[in-house]
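Listed below, chain by chain, are the residues.
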Amino acid sequence: MRYVRIFSIYFQDAFQYRSTSFVWFILALLNPLVVLLFWRGAFLSGGSPLEGWTYEAIASYYLLLVIANTLLLCHVENDIARRDIQMGMLSSYLMKPFSYLIHKFFSELPWRVIQGFFALIAILFFIFVLKMNIHISSNMSILLLSILITVIAHLVGFLFKMILGLSAFWVTDYSGLQQLVEVSLIIFAGFVMPIALFPDVLRTVAFVSPFAYMIYFPVVAFLGQLSFPQLFQVIGGELFWLAAFYCIYRILWEKGIKKFSSIGQ
Amino acid sequence: MVHHIRFYLSFIRISIIKELEFRANFLMNIISDFSWLGVGLFSIDVAFSQLKTIGGWTRGEVQLLLLVNMFFVNLLWMFVFQKMAHFSELVRTGALDFALTKPINHRFLVSFASVPDVCLSQIIKQLSFFLLIVALVSLLKLPVTLYHWTAFFVFIFLGFIIFYCLSFLVTTLNVWVVRLDNVHYLVDSVVDAGKNPLGIWRGVARVVVWIIPLGYTANFATKALLSIEPQLPTIIIGIMLAALLLVISEWFWRFAIRHYASASS
């Protein structure tokens with residue numbers, strides 16, 4: 001029950017800053033749409049620039065990417081690194097009777113809900129007003145497994161961003177690291193183009209990296225592009241990364257908290 | 001004017017000293033930015049593996065457009081975007097009060113000199129992008145004369161003024177909307193869309209190009225190097241647009257400051 005209360009308090013906080021949420025949503029919408037526009041221009045220039053993909057399939061992919069981006073990708077790392085660790089606000093969390101991880105999870109969730117809601121409205125606008133078709137799987141079992149993959153993907157992404165934020169215990173200026181992670185995410189989570197279209201080496205790197213499990217696999221799962229064995233394989237991969245990130249998080253937290261100091265009057 | 005330039009140069013000097021303190025971060029910033037270039041070139045490569053032109057542009061021309069756009073975006077990050085992010089913080093914490101009491105033009109102070117951030121890495125990137133542009137122009141055997149280079153820099157300058165004014169306009173909204181600290185990313189995303197040929201914007205999307213002068217990001221500057229069309233009419237329209245936006249943004253800034261009520265606003 002107390003977690004519901006934390007969620008409720010932070011929902012009110014996030015709702016108060018709904019204009020900030022709206023700008024984040026527009027950004028999440030704008031970038032895939034511009035990439036889609038580029039591919040549309042390529043399709044209209046004649047032929048199929050993306051082997052094995054029709055324009056309808058690629059449009060469905062990028063529209064689902066918008067939802068995945070708003071709903072799954074957390075942005076806790078800046079708050080953790082700058083506000084909590086560098087400015088010393090972490091000390092206030094240490095006094096509270098619940099874990100920092102849980103607290104951060106429920107403080108981030110409302111932002112995902114609000115931005116996901118904006119994304120849903122936008123997608124409905126694309127479907128009903130602009131008459132765009134989104135081809136998602138009609139098989140109920142695949143849809144249920146896709147929902148499970150999406151939930152685990154959110155947790156994997158959240159733990160990854162927590163680890164990134166905790167790096168501020170050791171790194172004074174972490175903007176370079178954040179940039180490097182951001183560009184890796186853009187490439188290997190499938191924002192540039194579906195990973196299936198990558199050259200062999202890059203595709204292998206993408207599939208063994210955690211980034212594909214955060215965004216790409218939930219999207220292609222909903223599109224019905226994964227068979228049942230592949231869906232279970234993805235769930236296995238996600239569980240591996242979830243366990244690995246949780247262990248890394250615990251180690252970093254235990255070591256980092258010993259380094260942390262904050263002063264005040 | 002000399003006073004303002006000396007003031008600004010001292011900020012750059014402080015910024016470079018600060019950056020050299022964090023060398024690992026400096027290196028990661030450089031790597032991540034060149035990775036963005038790699039991502040862009042990779043997308044172009046995939047699209048042109050099946051096509052000869054996109055929106056009427058050939059592979060080499062789109063590559064040149066990408067480089068010019070990166071040159072332009074980096075210029076805005078050097079001088080505009082980070083200051084805009086800081087403006088939200090000034091309003092939220094009430095620190096804008098101190099800026100408004102300083103004996104210097106207030107718009108200049110919050111636009112260009114409130115926080116030192118012209119980093120050495122950005123200067124290196126800017127020079128590298130320019131050298132790559134020169135190399136590609138030579139590789140494509142373009143008949144570029146002094147006239148074309150002059151037109152190129154005039155377009156970059158006009159684009160800089162236009163998008164600085166647009167950034168400043170949306171950032172000024174922070175006076176009314178609390179914590180709109182991400183709004184400059186919106187302008188960044190719009191500017192980033194300029195790496196695509198204007199010809200891909202068709203149908204409903206074409207309206208966007210009329211509302212936001214996307215051609216002034218990189219398209220017109222690249223066309224100047226490619227000698228595609230006469231530049232003079234576009235330059236005249238650009239000058240008028242830049243002047244109009246300077247006047248509107250100045251009026252809006254003064255209007256906003258009249259409504260600014262310190263941290264309690």
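Residues numbered from 1 in each chain as written. Chains lettered and ligands numbered in written order. Predicted model: local features only at pLDDT ≥ 70, side-chain atom pairs only at ≥ 80, totals over all residues. Heavy atoms only, no water.

Trainee: Is there a simple way to think about the overall build of chain B in this case?
Mentor: In terms of helices and strands, chain B carries 11 helices and zero strands. Its helices and strands taken in sequence order, chain B reads α-α-α-α-α-α-α-α-α-α-α from the N to the C terminus. By its C-alpha atoms, chain B is 60 × 45 × 35 Å across when sized along the principal axes. Across the 265 residues of chain B, 52% fall into the buried class. Taking the contacts inside chain B whose residues are at least 6 apart along the sequence as the reference set, 81% of them involve residues at least 24 apart. (Helix = DSSP H or I, 4+ residues; strand = E, 2+ residues; numbered from the N terminus. Buried < 20%, exposed > 50% of the residue type's maximum accessible area, 1.4 Å probe, protein only. Contact = heavy atoms within 4.5 Å.)

Trainee: What is the right way to look at the interface of chain B and chain A in this model?
Mentor: Often the size quoted for an interface is simply the accessible area lost on bringing the parts together. Listed by partner, the interface residues are 35 residues for chain B and 42 residues for chain A. The interface formed by chain B and chain A contains zero salt bridges. Put simply, chain B and chain A have one residue pair in polar contact (both at pLDDT 80 or more) between them. Looking at the side of chain B that touches chain A, the elements that each hand over two or more residues are α2 (23-48) and α8 (183-192) of chain B. (Salt bridge = Lys/Arg side-chain N within 4 Å of Asp/Glu carboxyl O. Polar contact = N/O pair within 3.5 Å; in protein donor to acceptor, adjacent residues only side chain to side chain.)

Trainee: How should I be thinking about the side chain of S146 of chain A in this particular structure?
Mentor: Residue and element names in this part refer to chain A. On the secondary structure map, S146 appears in helix α7 (residues 140-166). For S146, a relative accessible area of 0% translates into the label buried. With residues up to four places along the chain from it excluded, the contact list for S146 reads A221 and F222.

Trainee: Would you mind going over the layout of surface pockets with me for this structure?
Mentor: The gaps left among the atoms become clear once a water-sized probe is rolled over them. Quantified by volume, the second largest pocket comes out at close to 1000 Å³. Among the secondary structure elements, those contributing two or more residues to the lining of the second largest pocket are α2 (18-44) and α6 (100-128) of chain A together with α7 (146-172), α8 and α9 (206-211) of chain B. Ranked by the residues each element gives to the lining of the second largest pocket, the list is headed by α2 of chain A, at eight residues. Looking at the lining of the second largest pocket residue by residue, the classes come out as 31 nonpolar, one polar and two charged. (1 Å grid on protein atoms, 1.4 Å probe; cavity = no way out; pocket = protein on both sides within 12 Å on 5 of 7 lines; lining within 4 Å. Points joined across faces, edges and corners; volume = space filled by probe spheres on them. Nonpolar A, V, L, I, M, F, W, Y, C, P; charged D, E, K, R; others polar.)

Trainee: What's the story with the packing of aromatic side chains in this structure? I'm lost.
Mentor: What characterises a pair of aromatic rings is the spacing of the ring centres plus the angle enclosed by the ring planes. Evaluation of the coordinates by the stated rule reveals 51 aromatic pairs over all chains. Each ring, one from F38 of chain A and one from W39 of chain A, has its centre 5.1 Å from the other, and the planes form 70°; the classification is edge-to-face. When sorted by exposure, F38 of chain A lands in the same class as W39 of chain A, which is buried. Their ring planes at 35° and their centres at 5.8 Å tell us that W176 of chain B and F255 of chain B sit as a pair that is tilted. Linking W176 of chain B in the loop between α7 and α8 with F255 of chain B in helix α11 (residues 232-259), this pair joins segments that are 79 residues apart in sequence. Under the relative-accessibility criterion, W176 of chain B is labelled partly exposed at 37%. With relative accessibility at 27%, the residue F255 of chain B sits in the partly exposed group. Within the aromatic cluster, the residues linked to one another by ring pairs are W53, Y61, Y62, F207, Y213, Y216 and F217 of chain A. Directly above the ring of Y93 of chain A sits K96 of chain A, whose terminal nitrogen or CZ lies 5.0 Å from the centroid. (Phe/Tyr/Trp six-rings, centres within 6.5 Å; stacked < 30°, edge-to-face > 60°. Lys NZ or Arg CZ within 6 Å of the ring centre and 35° of its normal.)

Trainee: Quick question: what am I supposed to make of the side chain of T70 of chain A here?
Mentor: When you line up the elements, T70 of chain A lands in helix α3 (residues 55-72). The contacts of T70 of chain A, once residues within four sequence positions are left out, are F25, A28, R112, Q115, G116 and A119 of chain A.

Trainee: I'm lost on the packing of helix α10 (residues 211-222) of chain A against helix α11 (residues 228-259) of chain A in this one. Help?
Mentor: Two quantities define a packed helix pair, namely the angle between the axes and the distance from one axis to the other. Residues and elements named next belong to chain A. Look at α10 against α11: their axes get within 11 Å of each other, and the N-to-C directions meet at 160°. Taken as axis vectors, α10 and α11 run roughly antiparallel relative to one another. Between α10 and α11 the crossing geometry is left-handed. Listed contacts from α11 to Y213, M214, F217 and A221 of α10 are L231, V234, G237, E238, W241 and F245. (Axes fitted to C-alpha atoms, helices over the stretch in contact; angles between N-to-C directions. Parallel < 35°, antiparallel > 145°, perpendicular 65-115°, else oblique. Left-handed = near helix turned anticlockwise from the far one by under 90°.)

Trainee: How should helix α1 (residues 2-16) of chain A be read in this particular structure?
Mentor: Within an α-helix, residues lying three or four positions from one another point in the same direction, as the helix has 3.6 residues per turn. Given a rise of 1.5 Å per residue, 15 residues ought to cover 21 Å, and the 21 Å separating the end C-alpha atoms of α1 of chain A matches this to within 8%. Turning to α1 of chain A, the residues buried within the fold contact α2, α5 (90-94) and α6 of chain A. (Expected span 1.5 Å × (residues − 1).)

Trainee: Please explain the confidence of the model for chain B as it appears in this structure.
Mentor: The predicted coordinates of low-pLDDT regions are not to be read in fine detail. Averaged over chain B, the pLDDT score is 83; the fraction of residues at 70 or greater is 94%. Predicted complex, confidence summary: ipTM 0.74, pTM 0.81. (pLDDT = per-residue confidence, 0-100.)

Trainee: What exactly am I supposed to notice about the environment of V46 of chain B here?
Mentor: All names here are of chain B. Secondary-structure assignment places V46 in helix α2. The exposure class assigned to V46 is buried, which follows from its relative accessible area of 14%. Residues V46 and E89, 43 residues apart in the sequence, show an inter-C-alpha distance of 42 Å.

Trainee: Can you walk me through the state of the cysteines in this structure?
Mentor: Residues and elements named next belong to chain A. Per the counting criterion, the structure on display carries zero disulfides over all chains. Here C247 is not disulfide-linked; the sulfur of C74 is the nearest cysteine sulfur, at 19 Å. For C247, a relative accessible area of 45% gives the class partly exposed. (Disulfide = S-S within 2.5 Å.)

Trainee: I tried to follow the nonpolar core on my own but got confused; where do I start?
Mentor: Nonpolar side chains in soluble globular proteins generally cluster together in the buried interior. Ranked by internal contacts, the top residues of the largest apolar core, which has 178 residues, are W39 of chain A together with I133 of chain B. Counting residues per element, this core draws most heavily on helix α3 (residues 59-93) of chain B, at 19 residues. Setting aside its immediate chain neighbours within four residues, I133 of chain B contacts L64, L67, V68, F71, W149, F152 and L225 of chain B. (Core = buried A, V, L, I, M, F, W, Y, C linked by side-chain atoms within 4.5 Å.)

Trainee: Honestly, the pattern of salt bridges in this entry has me stumped. Any pointers?
Mentor: Any two side chains of opposite charge can pair, so long as their charged atoms come close to each other. Residue and element names in this part refer to chain A. Counted according to the given criterion, the structure contains nine salt bridges over all chains. The salt bridge partner of D84 is R83, with a shortest N-O separation of 3.7 Å. Judged by its relative accessible area of 0%, D84 falls in the buried class. Within this structure, R83, D84 and K104 form a network of salt bridges that share partners.

Trainee: I tried to follow unusual backbone geometry on my own but got confused; where do I start?
Mentor: The bulk of non-glycine residues show a negative phi, and the bulk of peptide bonds are trans. All names here are of chain B. Residues other than glycine seldom take positive phi values, yet K141 does so here, at roughly 55°. Assignment of secondary structure puts K141 in the loop between α6 (120-139) and α7. With a relative accessible area of 73%, K141 lands in the exposed category.

Trainee: Explain the environment of R202 of chain B to me, please; I cannot follow it from the model alone.
Mentor: Mapped onto the elements of the fold, R202 of chain B is located in the loop between α8 and α9. Non-local contacts of R202 of chain B, meaning those with residues more than four positions away in its chain, are made with R40 and L44 of chain A together with G55 of chain B.

Trainee: Help me out: how do you make sense of the environment of A95 of chain B in this one?
Mentor: Residues and elements named next belong to chain B. Considering the arrangement of structural elements, one finds A95 in the loop between α3 and α4 (96-101). The exposure class of A95 is partly exposed, given its relative accessible area of 24%. As for A95 and S262, which are separated by 167 residues in sequence, their C-alpha atoms are 8.1 Å apart.

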